[in-house]
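Summary of the model geometry
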Amino acid sequence: MLEVRQLYKSFGSEGVLRGIDFKVDKGEVVAVLGPSGSGKTTLLRCISFLERAQQGEIIFDEMRHDMSHISKRMIRQFRMQMGFVFQTFNLFRNMTALQNVMEGLIAARKIPRQKAEEIAREMLKKVGMEDRAGYYPDQLSGGQQQRVAIARAMATNPKVILFDEPTSALDPELTGEVLDVMKKLAEEGTTMVVVTHEMGFAKEVADRVVFMEDGLIVEEAPAEEFFRNPKKERTIQFLRRVLTGADADTGA
Amino acid sequence: MTQRLANILISAFPDMLAAGFKITIPLTVLSFLFGMILALLLAIVQVANIKVLKQISQIYIWFFRGTPLLVQLFIIYFGLPSVGIVLPAFPAAVIAFGMNVAAYNAEAVRAAILAVPVGQTEAAYLIGLTYPRLMVRIVLPQAFPIAFPSLFNNLISLLKDTSLASCITIVEVMATAKQIIGWTYESLALYIEAAIIYLMFSTVLTWIQGLLEKRLGWEAKEDRPKERVKTRAEG
Ligand SMILES: Nc1ncnc2c1ncn2[C@@H]1O[C@H](COP(=O)(O)OP(=O)(O)OP(=O)(O)O)[C@@H](O)[C@H]1O
Ligand SMILES: [Mg+2]
């Protein structure tokens, strides 16, 4: 459904993405793993055009375009189909939770205010935040803010939601509530790409795992197989390192 | 203090106060409003990176911050008539003061816009907002409280700077004092009295500033510095 081909991105002379072929099918949850600096964030940012790739092609259902030469209008069209959840939430701080969720509906999709509010409340309910609709971001915990951010990303009914380490900025006791929401979305068939360091989540929820290192996809496999039987030396090392942490009991 | 001096000061007080309310305050308010509109334009063309206009804006600010206000006032009131633009004193002063304060306000607004975390801008683009809507709905409402203290400082400076209008025949507080000195020769006492009038006005303004900041919850938020202003989410 969403695919990028031969994606290259460098900052200055440093090649950060060095020929990425990546795709996600409808209803699929893809976890993107990899050490720090491997280019995971950059990949999501290129897909959503927050960074401009030097080379690459994006194919999104029937839309297909060169990623390095693309007009603002085309970018908007691609973005209309995507949701994005940031590590740092990035809620609009001058708006309540409800207004945050409504804004994309009213501003970009011209949905009448009343209908937009209806949808927004439904989304907040989905993430368990309906009783905090009138709160400002400053009045919410990190986990609550992230759940509102997820509601905001879902409200516009995107075909795929991109998550960039959605729980990394949270205190450990708050990650659970966010992961639970994401799990629920996955069960409902939402197409998701999740950059994460939560191995438990990747193992349990993802259909497929993509392992990146140094701007390349090193290994990619169905989640179950990836964790049970990693093939590449680098992957094995990585898994050994991260799984001897808090997730040791889930290790192979 | 002699009885004569006391009488002079007492009778001068209402005259100066009246000049303050009739001239100094309207001059300050009108100039500031004009300057504020201009400042928004000057700031936005810079942060939006609109070619040419951005350069014009920078040159504008460079000129108006780099030359004395009195010179600017004289150029507009005494200078422009020689190219056929004749303005009455009051509008000339509003334009000169407004254009001057615009340069300072533009810098305050620009800095405040840049202090709004980039992550929100990115989030706004991703949910489909256009640039104008992003500005109006998200960036400016958050930039305004950040800029507010600087803007208010500029307002108080402007209040005092309007005394320069006495140099182009406008009878505001300062000119009123000069006139009374003209027939009483009590310069020290009357200039001090003028100073007290300005002090009263600026004290009220400072008090209003505090009130607004409190009422609207605009004090600098304690958690603001924590937020990232970088161009990227954590790498
Ligand atoms: N705006 C930028 N300018 C210069 N270099 C950048 C920029 N953004 C990313 N990089 C570099 O690109 C590389 C990949 O960064 P990226 O943020 O994509 O990694 P990541 O896999 O998301 O890492 P992490 O797990 O720490 O989030 C890093 O070496 C980083 O320093
Ligand atoms: Mg990252």
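Placed above this text is the structure.
Residues numbered from 1 in each chain as written. Chains lettered and ligands numbered in written order. Predicted model: local features only at pLDDT ≥ 70, side-chain atom pairs only at ≥ 80, totals over all residues. Heavy atoms only, no water.

Digging into the pairing of strand β4 (residues 55–60) of chain A
Residue and element names in this part refer to chain A. Note that strand β1 (residues 2–11) and β4 share 5 bridges and pair antiparallel. Its bridge partner being in β4, R5 is matched across the sheet by E57. Of the strand pairs in this sheet, β4 and strand β5 (residues 63–66) are connected by 4 bridges, and their pairing is antiparallel. Across the sheet, F60 pairs through a bridge with M63, a residue of β5. (Pairing = 2+ DSSP bridges. Helix = DSSP H or I, 4+ residues; strand = E, 2+ residues; numbered from the N terminus.)

Side note on the packing of aromatic side chains
Residues and elements named next belong to chain B. Summed over the entire model, instances satisfying the criterion amount to 11 aromatic pairs over all chains. Centroid distance F21 to F201: 5.3 Å. Interplanar angle 90 degrees. Geometry classified as edge-to-face. Note that F21 is positioned in helix α1 (residues 3–47) and F201 in helix α8 (residues 187–215), a separation of 180 residues in sequence. A relative accessible area of 53% means that F21 is categorised as exposed. Between the aromatic rings of F148 and F152, the centroid separation amounts to 5.3 Å while the plane-to-plane angle is 50 degrees, which identifies the pairing as tilted. You can see F148 and its partner F152 sitting in helix α6 (residues 131–161), 4 residues apart, about one turn around the helix. A residue is classified by how much of its surface remains accessible, and F152, at 8% relative accessible area, is buried. (Phe/Tyr/Trp six-rings, centres within 6.5 Å; stacked < 30°, edge-to-face > 60°. Buried < 20%, exposed > 50% of the residue type's maximum accessible area, 1.4 Å probe, protein only.)

Concerning the pattern of salt bridges
All names here are of chain A. Counted according to the given criterion, the structure contains 23 salt bridges over all chains. One salt bridge connects K23 with D25, and the closest N-O pair in it is separated by 3.8 Å. We classify D25 as partly exposed; its relative accessible area is 34%. When the shortest N-O distance is used, the salt bridge between K231 and E225 registers 3.2 Å. Among the residues examined, E225 registers a relative accessible area of 28% and is labelled partly exposed. Among the ionic contacts, a cluster of salt bridges with common partners joins E28, R208 and E220. (Salt bridge = Lys/Arg side-chain N within 4 Å of Asp/Glu carboxyl O.)

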